[in-house]
Structures are given as C-alpha cells and as structure tokens.
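# Chain and residue survey
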There are 2 protein chains.
Amino acid sequence: MGERNRKITIKDIAAEAGVSIALVSFVMNGKSEGKNAYRVNKETAERIRSVAERLNYQPNEAARVLRSGKTNAVGVIVSDISNKFFADIARCIEDRAYKHKYTVLFGSTDENPQKLENLIDVFRNKGVDGLIVVPCEGAEQTLRKLANENFPLVLLDREVPGAELSSVVLNNRRAGYQVAEVLVRQGFRRIEMVSYSMNLSNIREREEGYRSCMTENGLGEYVRIHHLRHERLDRIVEVLRDARSRQVEAFVFATNTLAMQGVTAMFRMGWQVPRDCSMVCFDTNEAFDLYHTAAACVSQPIERFGAEALDLLLKSIEHRDQPMACTRVVLTPEIVEYAGAESLPEVVSAEV
Amino acid sequence: MGERNRKITIKDIAAEAGVSIALVSFVMNGKSEGKNAYRVNKETAERIRSVAERLNYQPNEAARVLRSGKTNAVGVIVSDISNKFFADIARCIEDRAYKHKYTVLFGSTDENPQKLENLIDVFRNKGVDGLIVVPCEGAEQTLRKLANENFPLVLLDREVPGAELSSVVLNNRRAGYQVAEVLVRQGFRRIEMVSYSMNLSNIREREEGYRSCMTENGLGEYVRIHHLRHERLDRIVEVLRDARSRQVEAFVFATNTLAMQGVTAMFRMGWQVPRDCSMVCFDTNEAFDLYHTAAACVSQPIERFGAEALDLLLKSIEHRDQPMACTRVVLTPEIVEYAGAESLPEVVSAEV
DNA sequence: TTTGTTTGTTAAAACGTTTTAATTACCTTT
DNA sequence: AAAGGTAATTAAAACGTTTTAACAAACAAA
C-alpha cells in the first residue's frame, strides 16, 4: 500500500523468492527446461513461478526488447485499412499473430510511395521484427533496399516485378480470365474492361486474363481496356457514356472500388444493371450480392491471404541469418456466379 | 563497410561530433531550445544535428521507452476491426495519431469480455500510454479497475453505466427517435424494432428513442422490440415471419449488421424491400444506398468519433498525474432520407 | 582579489531485462 | 585426502536512451 502501485519487476520476485534475478529470468523464459537448459532446481523453479503468479508479474517489454533486439511485433502496411478487403485480411492477420504472441501495427499508404516510406521508417524505429506490405506504384526502390538489408518482408496482393521478394498473391490472370468467361458464356460479345492506370502487378494480370479470354473466344476485335487514374474516378462517367455509344453490352471491373463507382454512375445516369448492361467484378460485395447486380464476381480467399502472409513472415523472421529464401504463394480464385436478376428466388414464406 | 551495418546510436554521433552523449540527447529532443532549456551552444547544436542527419540516426525506441516510461503508442480495442464502421473509425484514429507521432495497436473482442481482458493485458505489457475501448457486455468490472488505476482510457460508441469514464458516443436516443419518425411521417403505423439482447448502452438508447417516438405519435400500442442474441442471428427469419403475420408494415433495425441480415432474410423469403415492407437502419451502407432499400438511415459522424476519442485520450495521457477528469462527448446523428424506390432518378444519359 | 552569476558541457545513474562467465556446493572417483 | 566432475546458482555486463547533479570557463560585480 505504501509503495504506490509500482510495477512488479524481476527484481521483486528474486527478492521475494530469495534467489538472484538471473534465476528468475531463466525460469520465466522456460530456459530451465529442454535441450540446452540452464539446470534450475525443480523446487526453486516452482517457487519462483508461484511468487511470480502471486505478485502478478508482467515482464517489461521495453527492457526485453532493448536487451534482446526482438519486439514480437510485426507491421502491416496496406493501401487503406478501411477498405473492406484489407480490413478483412487485417483481422485474419491480427488473430493469427495473437496466437503466436505477436502484436500487429497497421498503416495505410493511400497508394502514396512517400507515405509508404515514412511508415516503414516509423515501424522500423518501433522495432518491428518484420513487415507485410501491399506495395504501391513507385515503391520498388524502397522495398528492394529493405530486402537487401535482409529485413524480413512479405508482399501482399501485389508483387514488385524483377525483385526477388516473398509474396502472397492471387492468380489474377486466371481470375480475370474466368470472370470474363462468364460473360462470354452468357452470350455477350462487346465486353470491355474498366481498370486503373496505376502500374500494379495484380491489375495488369487481371487485364491480361480478360484479354486472353476475349481473344481465345474470337472476340479479339472487341478488346478494350479503360484506364482511370485513381484520384479521378469521376471520369468513369465519360467512359461509360462512351461505351454505351459503342453498344457495349457488359463490363469487367478490375476492383471492387471501380465496380461500386461504376454501378453508382450507371444508376445516376438511369441505367439499370443488369437490365441495360451486364457486369462482373473482383471481390464480393453485399450490394451486388443481394441484388444480383453482378453476373459473377471473383471471391478471394481472404483467410488464406492473411494466414499465408503471416506464416511466411514469421518463418522469414526466424531465419533472419540465412541469406533469405524467397517464396511465392499464389492463391486460387473462386468465381461466384449469380443467376440473373430476373430469376431471383421467389420463395414466399410458407405458412401463415 | 567493415563494421557490418550496425545501427547508429547516440554514442556514434557523440564521438563523431566530439561531444558527450548527453549533449546529443539534449539536441535531438529539442531540449536545447524553449522555456526551460538546457543551454546548448548554437554552433554545437548545429554540428550535432548535421552529424545525425549525415549518419541517418534513428533513435532506439525500446531504450527510450525503458528510460522514459512513455511509448507514444495507444491501443484501440473494438468489437471487430473488419466491421466497416469500426474500420473507418480505426482509419481516422490512425491518421490522426500519426500526426501526433503516435502509433496505434488494434484489437478485436468479438463481444467477448474475456478477450477484452486479454487484449488489455497484452497492450499494457506492450506499454501503451492509453486505450480507446468499445466496451462489451460483461466488461464493466475490468474497465472500472483500469480506470481506478488512473490508466488513461476513453470509451467509444458505448458507455459503461454507473462508471465515471470518459467517452465519445452518439446521441443514440435522438437518432432512434428521428429515424423512426421518418417511417411515421411516411404514414406507417405498425412499426417494430429488431435489436440485440446484449445489454449495451447504445442499443438500449436506440430502443428508447424508437419507443418514445412511437408513444408520442400515438402509436404506443404497436411498440414491439425483438431481441436477438448475436450468435443466433438466424432467428431473424422467425421474427420477420411472425411480424408479417401481424401485418407489420416497417422495421427499425438497431445496427447495420442486423439490417443486412434482415434484408437478406426477407429477400430469401421473397419479399421485396421497400415494396412489401419498409425499413430504416443505423449506419449507411452501399447496398441500401444504391438501391434505396432503406427509407432512411442514421449516418454517424465517423471522423469526429475518431478525432474526439483520440484527442480526449491524448489529453488524458498528458494529465496522468491529475485525478482524472471525466469528459463525455455526445455526437449528433444525421438522418439521411431516401426517396422511395419507385422514384429512383430516371435521368437517362443526355447526349448520344 | 574575492565572490557571484551565467553559459556550456559532461559523468554517471537509472530504466528492467538477457546472457555469459564465474563461483559455490556437493558428489564421485581415485 | 586430493582431484575431478556435475548440478545449481549468481555477479556483472550489456542493450541505448534520458536526466540529474556537478563541473569548468568566462565574465560581471563587489
């Protein structure tokens, strides 16, 4: 009572148990058991443990980090943590990290390479043991440098071409192909794609997928990809208007944001989807799902994104000394196909 | 080159600049200027600064924390970080914290008080300077204890009744009243509410709002609140069926999750919203917005939630010594009213 | 000259761990 | 009884800061 409620340290425990602080440390870290152990008397160990328990000892992280150089924290840097796709992944990473006694720091770049660099600096100062990063355009240099320093790093969602970096990505080519194929199978021919002008690996591959689906189905002449700058999404209205003037029948949207913007624009202009114009998109979405707005969408295996990325990172942290192996994990997309809006299930409630 | 790329410390700078480490510390912390300064020679200070710059000195956080006891990190614990409402708030907090040179740790409780307690322990061990918490049912004890220790704490979204804790919440009563009022004004009479059985302040107040709106409009006889357990949301189907059998015309959903589940269920049963049944809900939502599913919704001032909570917390951290003032910030909801679905703007694209 | 004041600088302690190397105590062997 | 081995324990250094108290030098006032 008199002492103010000062934090309990290893020293207090040592005093209370009548041993040295070294012994306490050994016991608390389980160094008293196992292969290359420190030989601590069974009873002493038990005594120490019980004192620690009784005083509710909580080791001081800062001291531990200072001494050992390990923080048991990792950083996760995405484009925008409030974007559902990334928020979901973040949640998975958080849960999984927690099980491994790791904590996670989150940051958003807004696709700005300068912000990315800042965040990396801040996180490294905080001493994170490793980073999971969604690279943005213009960040290649920064990331390569990081990897050269042998700093544990895993890329997520997108890759950096020409760099030997570990990554977890979707098979975007295949996803693009298959989702476009749904439209083709439904008989559409004039199918165009709405995409970003940013040079990101995932986007580019989605475009490739669409393109090869079209050519392989003899629709090469209709291939057309519209590139929007992400800070000028309002331009989408012009793109759509122009497309309609060319009797375009369906669109492939390269991301969920683009799809939502696109459909919103169409509604504003009075088009109904899919009545007037069909579409497919990447990522699922309550709105499109509920109202069968999309003919199909690419469902990404969120949990696996998180799990694989974290596992890869932890492995990479564990082997920091080794010359850094580079692993690529490519996940398989699932295509969710919706029945047309006209065939919405009309299951009227049975009884009453 | 020979030295391996060891991290630059304050010692290296001192050596390089030919001064003591104390002086370097003074300069790096700006203690050389201002009111109660440490009087460092202008030129010396400049020299130190330039050396630090040249060697790209990055202070070691762990050491700083160990010595000063301040981490410049705060924890944010919500129900589910992948929920759009919380993800948006998290993003605001993150941005704002960053400007104040703070980093943020996130955690999700899944409405489980045990998880909350664990997270609090973990975050405190990590040494966070303070916490922003969305309290869940059953966490009252834990939170009160925390506050008793004079630990900086701000509640978000919900309050803990009977405890003197700082908080940032919506005027949920008013929101409930006003959003229900929209339905009343549209001529509906049999209006029921779908809510959670959890005992949370925000939920209870929303119910109060609905209730008083109804009674004040002479509809007291129709008041009916359905309480669902959040792990048994599938029960919503029965609730809706039952309601339909009583000719209920419209629903007030207490949260976005409930609304989404509810509408999905209605669609499954073949009802169209709002053709067969009208509804209002809390929080905006792309789906309901796009298709005018909701007659109205409560729009919460996300950015203010984040900003007020963080500001309050930082203030509380700054004055840790004082006996802890308790501030309540009550934010005003905005009601967004949609025109009926039948009057969707049919502005066909002008030219072409 | 002495005394006091201001300015600039530094030595050293402290924060709470982890880990190495040394030490003690107690058995076995000879 | 001496030597060697093993089991258990500990003293002390190190990690990189911040901050206090002391010190030296220069100058001003007596």
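All residue numbers refer to position in the chain's written sequence, counted from 1. For this description, chains carry letters from A and ligands carry numbers from 1, given in the order in which they are written. Predicted model: local features are reported for residues with pLDDT of at least 70 only, side-chain atom pairs are reported and counted for 80 or more only, and whole-chain, interface and lining totals are derived from all residues. As a rule here, side-chain values cover all heavy atoms of the structure and leave hydrogens and water aside.

### A few points about the relation of the copies chain B and chain A
- In screw terms, the move from chain B to chain A is a rotation of 180° and a rise of 0.1 Å along the axis, fitting with an RMSD of 0.1 Å. What we have between these two chains is a two-fold relation. Judged by C-alpha distance, alanine 287 of chain B is the residue of chain B that lies nearest the rotation axis, at 1.9 Å.
- A high fraction, 100%, of the interface residues of chain B reappear at the interface in chain A, so the copies pair face to face through one surface. The atoms used to superpose the copies are C-alpha atoms, taken from residues with pLDDT of at least 70 in both, and the fit is least squares. Residue contacts are counted whenever heavy atoms from the two residues lie within 4.5 Å of one another.

### A closer look at the pattern of salt bridges
Residues and elements named next belong to chain B.
- Counted as salt bridges are all cases of a side-chain nitrogen of Lys or Arg within 4 Å of a carboxyl oxygen of Asp or Glu. Enumeration over the complete set of coordinates arrives at 52 salt bridges over all chains.
- Taking the shortest distance from any N to any O, the salt bridge between arginine 246 and glutamate 192 comes out at 2.4 Å. Note that arginine 246 is positioned in the loop between helix H10 (236-245) and strand S8 (250-253) and glutamate 192 in strand S6 (residues 191-196), a separation of 54 residues in sequence.
- A residue is classified by how much of its surface remains accessible, and arginine 246, at 21% relative accessible area, is partly exposed. Helix and strand definitions here come from DSSP, where helices need a minimum of 4 consecutive H or I residues and strands a minimum of 2 consecutive E residues; each element is numbered from the N-terminal end. Remark: exposure states derive from per-residue accessible area (1.4 Å probe, protein chains only) relative to the maximum for the residue type, with buried under 20%, exposed over 50%, and partly exposed in between.

### Examining the protein's contact with DNA strand D
- Consider each residue's heavy atoms; a residue with any of them within 4 Å of a molecule or strand counts as near. Surrounding DNA strand D, one finds 27 residues, the nearest of these being Ser20 and Arg67 of chain A together with Ile10, Ser25 and Arg67 of chain B.
- Looking at DNA strand D alone, sugar and phosphate atoms form 58% of those within 4 Å of the protein.
- Measuring from a phosphate oxygen of DNA strand D, one finds a backbone N or O atom of isoleucine 10 of chain B at 2.9 Å.
- Nitrogen and oxygen atoms within 3.5 Å of one another constitute a polar contact, given that in protein one can donate a hydrogen and the other can accept it, and given that sequence-neighbouring residues count only through two side-chain atoms. Between a base nitrogen of DNA strand D and a main-chain N or O atom of alanine 63 of chain B, the distance comes to 3.5 Å.
- Ranked by the residues each element gives to the surface near DNA strand D, the list is headed by helix H2 (residues 21-28) of chain B, at four residues.
- Taken together, the residues that form the surface near DNA strand D break down as 15 nonpolar, seven polar and five charged. Any residue that is not Ala, Val, Leu, Ile, Met, Phe, Trp, Tyr, Cys, Pro, Asp, Glu, Lys or Arg is counted as polar, Gly included; the first ten are nonpolar and the last four charged.

### Focus: the pairing of strand S11 (residues 328-331) of chain A
All names here are of chain A.
- Because side chains alternate across S11, one face comprises the buried residues Val329 and Leu331, and the other comprises Arg328 and Val330, none of which is buried.
- Alignment of strand S5 (residues 167-170) against S11, held across four bridges, turns out to be parallel. Its bridge partner being in S11, serine 167 is matched across the sheet by arginine 328. Pairing between strands requires that DSSP locate at least two bridges from one strand to the other.

### A word on the domain arrangement of chain A
- With domains assigned, chain A is organised as domain 1 (3-59), domain 2 (68-169 + 302-331) and domain 3 (172-300 + 335-349).
- A separation of 35 Å is found between the C-alpha centroids of domain 1 of chain A and domain 2 of chain A. For every domain, the bounds stem from an assignment made automatically or drawn from a database.

### Some words on the pairing of strand S3 (residues 130-133) of chain A
All names here are of chain A.
- Here S3 shows no split at all, with Gly130 and Ile132 on one side and Leu131 and Val133 on the other all buried.
- Taken together, the four bridges between strand S1 (residues 73-78) and S3 define a ladder with parallel strand orientation. Following the sheet pairing, valine 76 is matched in S3 by isoleucine 132.
- Summarising the sheet, S3 and strand S4 (residues 153-156) pair through three bridges and their orientation is parallel. Its bridge partner being in S4, isoleucine 132 is matched across the sheet by valine 154.
- Note on handedness: a clockwise path from strand one over the helix to strand two, with the strands aimed away from the viewer, defines a right-handed crossover. Read from S3 through helix H7 (residues 140-148) to S4, the crossover connection turns out right-handed.

### Points about the protein's contact with DNA strand C
- The full set close to DNA strand C counts 26 residues, and Ile10, Ser25 and Arg67 of chain A together with Ser20 and Arg39 of chain B are the nearest of them.
- Sugar plus phosphate: this is where 58% of the atoms of DNA strand C within 4 Å of the protein reside.
- The contact in question runs from a phosphate oxygen of DNA strand C to an N or O atom on the side chain of serine 25 of chain A, over 2.7 Å.
- Here tyrosine 57 of chain A contributes a side-chain N or O atom positioned 3.0 Å from a phosphate oxygen of DNA strand C.
- Counting residues per element, the ones that place at least two in the surface near DNA strand C are helix H2 (21-28) and helix H4 (61-68) of chain A together with H2 and helix H4 (61-68) of chain B.
- The element that contributes the greatest number of residues to the surface near DNA strand C is H2 of chain A, accounting for four residues.
- A class-by-class count of the residues in the surface near DNA strand C yields 14 nonpolar, seven polar and five charged.

### What to know about the sheet that holds S6 of chain B
Residue and element names in this part refer to chain B.
- As summarised here, the arrangement of the six strands in space is S7-S6-S8-S9-S10-S12, forming an open sheet in which the pairing is mixed. The strands lining the two open edges of the sheet, one partner per strand, are strand S7 (225-228) and strand S12 (334-337). Pairwise comparison of adjacent strand axes, ignoring direction, gives a mean angle of 20° for this sheet.
- Sheet topology note: the S6/S8 ladder contains four bridges and is parallel. Within the sheet, the bridge partner assigned to valine 194 lies in S8 and is phenylalanine 253. What counts as an axis is a line fitted to C-alpha atoms, over the stretch in contact for a helix, and the angles between N-to-C directions run from 0 to 180 degrees.

### A few points about the sheet that holds strand S9 (residues 278-282) of chain A
All names here are of chain A.
- Taking strand neighbours across the sheet as the criterion, the six strands line up as S7-S6-S8-S9-S10-S12 in an open arrangement whose pairing is mixed. Every interior strand has two partners, whereas the edge strands, strand S7 (225-228) and strand S12 (334-337), have only one. Averaged over all pairs of adjacent strands, the angle between strand axes in this sheet comes to 20°, irrespective of strand direction.
- Where strand S10 (residues 296-299) and S12 come together, four bridges link them in antiparallel fashion. Looking at the pairing, serine 299 lines up with glutamate 334 of S12.

### A look at the interface of chain B and chain A
- Counting from both sides, the interface comprises 66 residues of chain B and, opposite them, 67 residues of chain A.
- When two parts are put together, the accessible area they lose, computed with a 1.4 Å probe and summed over both, is reported as buried area. Both sides of the chain B and chain A interface together cover about 5,100 Å² of buried area, and 56% of this is carbon and sulfur.
- Per-residue buried area on chain B facing chain A is highest for Arg91, Leu290 and Tyr291 of chain B; these three make up 13% of the total on that side.
- Where chain B touches chain A, the interface holds six salt bridges.
- Ionic pairing is found between aspartate 80 of chain A and arginine 91 of chain B, a salt bridge with its closest N-O pair at 2.8 Å.
- Between the two partners, chain B and chain A, sit 19 residue pairs in polar contact (both at pLDDT 80 or more).
- Listing elements by their share of the side of chain B that touches chain A, those giving two or more residues are H4, helix H5 (84-99), strand S2 (103-108), helix H6 (113-126), H10, helix H11 (256-268) and helix H12 (286-290) of chain B.

### Re the side chain of glutamate 192 of chain A
Residue and element names in this part refer to chain A.
- Here glutamate 192 falls in the buried class, since its relative accessible area comes to 4%.
- Side-chain polar atoms of glutamate 192 contact the side chain of arginine 246, separated by 2.4 Å.
- Ignoring sequence-local partners within four residues, the contact set of glutamate 192 consists of Tyr210, Tyr222, Arg224, His226, Ala243, Arg246, Val248, Ala250, Phe251 and Val252.

### Some details on the environment of isoleucine 13 of chain A
Residues and elements named next belong to chain A.
- Residue placement: isoleucine 13 occurs in helix H1 (residues 10-17).
- The sequence separation of isoleucine 13 and tyrosine 57 amounts to 44 residues, and the corresponding C-alpha distance is 8.0 Å.
- If we skip the residues at most four places from it in the chain, isoleucine 13 touches Ile8, Val24, Ile48, Val51, Ala52 and Tyr57.

### Structural notes on the confidence of the model for chain A
- Per residue, pLDDT measures the predictor's confidence, with a range of 0 to 100. Looking at chain A as a whole, the pLDDT averages 90, with 93% of positions reaching at least 70.
- Throughout residues 341-352 of chain A the model reports pLDDT below 50, and contacts reaching past four residues in sequence, or to other chains, amount to 20 contacts.

### Points about the packing of H10 of chain B against H11 of chain B
Residue and element names in this part refer to chain B.
- Their axes nearest at 10 Å, the elements H10 and H11 cross at an angle of 65°. The handedness of the crossing between H10 and H11 comes out as right-handed. Along the contact surface, H10 presents Ile236, Val237 and Leu240, while H11 presents Leu258, Gln261, Gly262, Ala265 and Met266.
- Considering only residue class, the contact of H10 with H11 consists of six nonpolar, two polar and no charged. Handedness of a crossing follows from how the near helix is turned relative to the far one, being left-handed for an anticlockwise turn of less than a right angle and right-handed for a clockwise one.

### Topic: unusual backbone geometry
- In the segment running from valine 273 of chain A into proline 274 of chain A, the intervening peptide bond is cis, with an omega of 5°.
- Within the element layout of this structure, proline 274 of chain A appears in the loop between helix H11 (256-268) and S9.
- A positive phi angle, near 75°, is found at aspartate 157 of chain B, a position not held by glycine.
- Looking at the secondary structure, you find aspartate 157 of chain B in the loop between strand S4 (153-156) and strand S5 (167-170).
- Judged by relative accessible area, which is 4%, aspartate 157 of chain B ranks as buried.
- Positive phi is not limited to glycine here, since histidine 292 of chain B has a value of about 50°.

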